[in-house]
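Overview (structure and organization)
Residues per chain are reported as follows:
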Amino acid sequence: MTTAPLTSRVGVASAAPTGEGPSGKPRRPGTLQKKDRLIGFLAVLPAIVLVVAFSAYPIAFAFFISFTRTNGLVFEWRWLENYITMFNDPIVQQVFVNNLKYLIAIPLVIFIAVVVSVLLFERVRGWKFFRVVFFLPNVLSVAVIGIMFRNAFGYYGGVNQALGLFDVEPIQFFTDGNLAISIIVLALVWSGFGYMSLLLFAGLTAINPAVFEAAAIDGAGWWKRLWYITLPNIRRVLGFVFIINVIFTFTGLFGYVFVMTAGGPGYDTTTIDYLVYLRAFSSSNLGSGAALAVMLFLFIGVLTLMQAKVFKLQRED
Amino acid sequence: MAEEAVISKRITSGRANVPIFLVLAVVATSIVYPLYFVIITSLRPNTDYLKDSFGLPGVWTFDNYVRLIEVYGVGQAFLNSLYVAVVTIVLVLILATLAGYALAKYPVPGAKYFTSIFVSLMLVPGAVLIIPTYVMLARLGLVGNYWGLILVYVSGALPFAVFFLSLSFRGIPVEVIEAARIDGAGFFRTLWSIIIPMGSSGIATLAVLQFLGVWNELLWALILIPEESMKLLTPTLASIGTRFLTDQPLVSAGLFITAVVPLLLLIFASKYIMQGLQVGVSR
């Protein structure tokens, strides 16, 4: 799980658990203070203007477009028409179900990430090297990961070549929707667990070592310590990892789907974000794509707020 | 860190580490082997691949790379990607350093609102933005123009970049800046001679992360640059990957060309990458 997602995930990661106010600002006499305020404002201005123009404004514009029938040049106001069509659209329903299928990747990613992070935490010889290796897929483009898996499971790919060694006929992995989804899920797990284990590892290092020491003195074995100390202590990070993965599954699969299956066969592997793309560039009405995008935005917004709330609650504990 | 290591060593001492090492090694192999397979495959002709895919190549050749660069424009795409990535990073670093410094150390009016704008726009999914942004850029005549793409990348990167840098600049002691200001140094002077040198590790981390982000990005590069000769590397790779299903060595060479820059960065800048990804998580 990579790149644009890479940085945006980093964003969440750092956004969530911090919450400090500005501190250590110099106090100085009136006129200087006034000048400083102006300088500070001017320094922030270019960044804020760009962000508002190319992130905030487009969101508002997406809302507008979703209430219209448009080809991008002429806008006809149609109230909720696009939304009504969307909710009755069997393709949209199918695509939503597809997205739910992709969620299978999450328990797999988390399970492997927990195992890997707990083992890394033992700090056996070479653990730093392993950490970098596990992280490796995260620096690769979705295009690279997707095509690599598509290749490996293609008709002439490594997997079929290996099966051929045992005289098994080549399998067409991408002609069946569910089989194709499981290959994409495999790609997601392969590329995703490394970063998640890094997050969990950071959670582990935050546990007070004295707790482990005390448990060890009391004679708690390795498994007992894992179950009663390690896992309960990282449940906050686990929850966080879970939610960013859900968000990612609904917003970050475009690249995988685009290069691995192009949404097919039929719409069997299409995700919501991929459908937005399809509607944007192969439909005469951008409004329907925008309505879908707005729904996605609201859905992700709710998830993000939930996450923020959960973290606040737990911080107050 | 050192103390923790000692303690955990004490806890695990007496326990054989071999099983743990083996499990980690198996997982690591599952990551490394596919990449190894891609690299080896890219260095052999297709006939050789189909004869024996898993052994070492009977014939070693750079032919796949040469063909990609000479016939399919991958070399040009590589340069295009490099250009866009470098321009984007320079702009992000300049704008984010200015804003980050101001938010960390200056009494910016409305700082709370600015920060919350940045934080809340950190996570807007690309799918939400493609339609409105495309319409907007088309009207401005910026579709099919690198500047449209660069503007989208820069504005997409800024929220995290500003947040990240203001966080890391906050750690620089006020006394140092105050002392310089008493000597008459202004905003730019303190920025240049104190903030940038002292915050260089954070800035380098950001540069590496942003480079990876732009280099690997697919969606915007795909829709905003329709012109064949201007295409960036990832869309070029995607179209080669779907066109040459029967020629695995050729596609593998394309995969390696796209992956090699990030891999080199991971090898030589892993410190910065790991650092950047753990910001805030450990709190």
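Residues numbered from 1 in each chain as written. Chains lettered and ligands numbered in written order. Predicted model: local features only at pLDDT ≥ 70, side-chain atom pairs only at ≥ 80, totals over all residues.

**Looking at the overall build of chain A**
In plain terms, the rule: Under the scheme used here, helices are H or I runs from DSSP no shorter than 4 residues and strands are E runs no shorter than 2 residues, and both carry numbers assigned from the N terminus. In this scheme the burial state of a residue depends on its C-beta neighbours within 10 Å: 20 or more other such atoms mean buried, 12 or fewer mean exposed, and anything in between means partly exposed; the C-beta positions come from the backbone. Two residues form a contact once the distance between their C-beta atoms, set from the backbone, is within 7 Å.
Along chain A, the regular secondary structure elements total 15 helices and two strands. Sorting the 317 residues of chain A into buried and exposed places 48% on the buried side. Sequence separation of 24 or more characterises 72% of the internal contacts of chain A that already satisfy a separation of 6 or more.

**Some details on the overall build of chain B**
Going by this rule: Between the two quantities, the radius of gyration covers C-alpha atoms and the globule rule is 2.2 Å times the number of residues to the power 0.38.
For chain B, the count of helices and strands is 14 helices and zero strands. Its helices and strands taken in sequence order, chain B reads α-α-α-α-α-α-α-α-α-α-α-α-α-α from the N to the C terminus. For chain B, whose C-alpha radius of gyration is 24 Å, the value lies well above the compact-globule estimate of 19 Å for 283 residues. Referenced to the eigenvectors of the C-alpha coordinate spread, the extents of chain B come out at roughly 75 × 70 × 35 Å.

**A closer look at the interface of chain B and chain A**
Here is the rule: Gly counts as polar in this scheme, as do all residues outside two lists: the nonpolar Ala, Val, Leu, Ile, Met, Phe, Trp, Tyr, Cys and Pro, and the charged Asp, Glu, Lys and Arg.
Facing the 104 residues of chain B at the interface are 98 residues of chain A. For the side of chain B that touches chain A, the element with the highest residue contribution is helix 14 (residues 248–278) of chain B, accounting for 13 residues. For the side of chain B that touches chain A, the per-class residue count stands at 76 nonpolar, 21 polar and seven charged.

**Some remarks on the environment of Trp-77 of chain A**
Residue and element names in this part refer to chain A. On the secondary structure map, Trp-77 appears in strand 2 (residues 75–77). For Trp-77, a count of 11 C-beta atoms within 10 Å corresponds to the exposed category. Linking Trp-77 and Phe-64, residues 13 residues apart in sequence, is a C-alpha distance of 8.9 Å. Not counting the four nearest positions on each side in its chain, Trp-77 is found in contact with Phe-67 and Thr-68.

**Section: the confidence of the model for chain B**
All names here are of chain B. What counts, and what does not: Along the chain, pLDDT gives the predictor's confidence residue by residue, from 0 to 100.
Mean pLDDT over chain B stands at 85; residues scoring 70 or higher make up 92%. Note on residues 1–15: pLDDT under 50 across the span, and 14 contacts to partners over four residues away in sequence or across chains. Scored as a complex, the prediction yields pTM 0.86 and ipTM 0.86.

**Examining the confidence of the model for chain A**
The predicted structure's coordinates, where accompanied by low pLDDT, should not be read in detail. Residue and element names in this part refer to chain A. Averaged over all residues, the pLDDT of chain A equals 82, while 88% of them reach at least 70. Least confident of the elements in chain A is helix 1 (residues 3–15), whose mean pLDDT is 39; most confident is helix 13 (residues 254–260), at 92. Here residues 1–25 scores under 50 on pLDDT; set against residues more than four positions off or in separate chains, the count is 68 contacts.

**A look at unusual backbone geometry**
Residues and elements named next belong to chain A. Phi is positive for Asp-167, which is not a glycine, with a value near 60 degrees. Tracing the chain through its elements places Asp-167 in the loop between helix 8 (158–165) and helix 9 (177–205). For Asp-167, a count of 6 C-beta atoms within 10 Å corresponds to the exposed category. A positive phi is found at Ala-262, a non-glycine position, where the angle reads about 55 degrees. Inspection of the secondary structure puts Ala-262 in the loop between helix 13 and helix 14 (272–282).

**Overview of the nonpolar core**
What counts is decided by this rule: The term nonpolar core means buried Ala, Val, Leu, Ile, Met, Phe, Trp, Tyr and Cys residues held together as one set by C-beta atoms within 7 Å. Each domain's limits were defined by an automated method or a database of domain assignments.
Judged by nonpolar contacts, the single largest core of 183 residues is most densely connected at Ala-293 of chain A together with Ala-96 and Leu-158 of chain B. For this core, the element with the highest residue contribution is helix 9 of chain A, accounting for 18 residues. A domain split of this core shows at least three residues from each of domain 1 (17–61) and domain 2 (73–278) of chain B. Contacts of Ala-293 of chain A, omitting those with residues within four sequence positions, involve Ala-62 and Val-276 of chain A together with Ala-127, Val-128 and Ile-131 of chain B.

**Regarding the domain arrangement of chain B**
All names here are of chain B. According to the domain assignment, chain B contains domain 1 (17–61) and domain 2 (73–278). Once you take the C-alpha centre of each, domain 1 and domain 2 turn out to be 33 Å apart. Looking at the side of domain 1 that touches domain 2 element by element, the count peaks at four residues for helix 2 (residues 18–42). When grouped by side-chain class, the residues that make up the side of domain 1 that touches domain 2 number four nonpolar, three polar and one charged.

**Quick look at the packing of helix 7 (residues 142–152) of chain A against helix 9 of chain A**
Residue and element names in this part refer to chain A. Heads up, the condition is: Working convention: axes come from line fits to C-alpha atoms, limited for helices to the stretch in contact. Angles between N-to-C directions cover 0 to 180 degrees. The labels follow the angle: roughly parallel below 35 degrees, roughly antiparallel above 145, roughly perpendicular from 65 to 115, and oblique for the rest. Handedness of a helix crossing follows the sense of rotation of the near helix relative to the far helix, less than a right angle counterclockwise being left-handed and clockwise being right-handed.
Packing of helix 7 against helix 9 leaves a shortest axis separation of 10 Å and a crossing angle of 130 degrees. If you check the angle between helix 7 and helix 9, you find them oblique. Regarding helix 7 and helix 9, the two cross each other, and that crossing is right-handed. Every residue of helix 9 that contacts helix 7 at Ile-145, Gly-146 and Phe-149 is listed here: Ile-183, Leu-186, Ala-187 and Ser-191. Classifying every residue of the contact of helix 7 with helix 9 by side-chain character gives five nonpolar, two polar and no charged.

**Quick look at the environment of Ala-143 of chain A**
Of note, Ala-143 of chain A is situated in helix 7. The spatial distance from the C-alpha of Ala-143 of chain A to the C-alpha of Val-257 of chain A is 9.8 Å, given a sequence separation of 114 residues. Apart from the residues lying within four places of it in its own chain, the contact partners of Ala-143 of chain A are Gly-255 and Val-259 of chain A together with Leu-218, Thr-234, Leu-237, Ala-238 and Thr-258 of chain B.

**Some words on helix 5 (residues 105–121) of chain A**
Operational definition: Working rule for helices: expected span equals 1.5 Å times residues minus one.
With 17 residues, helix 5 of chain A extends 24 Å between its outermost C-alpha atoms, agreeing within 8% with the 24 Å of an ideal straight helix rising 1.5 Å per residue. At the C-terminal side of helix 5 of chain A, Arg-123 of chain A shows a positive phi close to 50 degrees.

**So, the environment of Gly-264 of chain A**
With respect to the helices, strands and loops of the structure, Gly-264 of chain A is situated in the loop between helix 13 and helix 14. Sequence-wise, Gly-264 of chain A and Asp-176 of chain A are 88 residues apart; in three dimensions their C-alpha atoms are separated by 8.8 Å.

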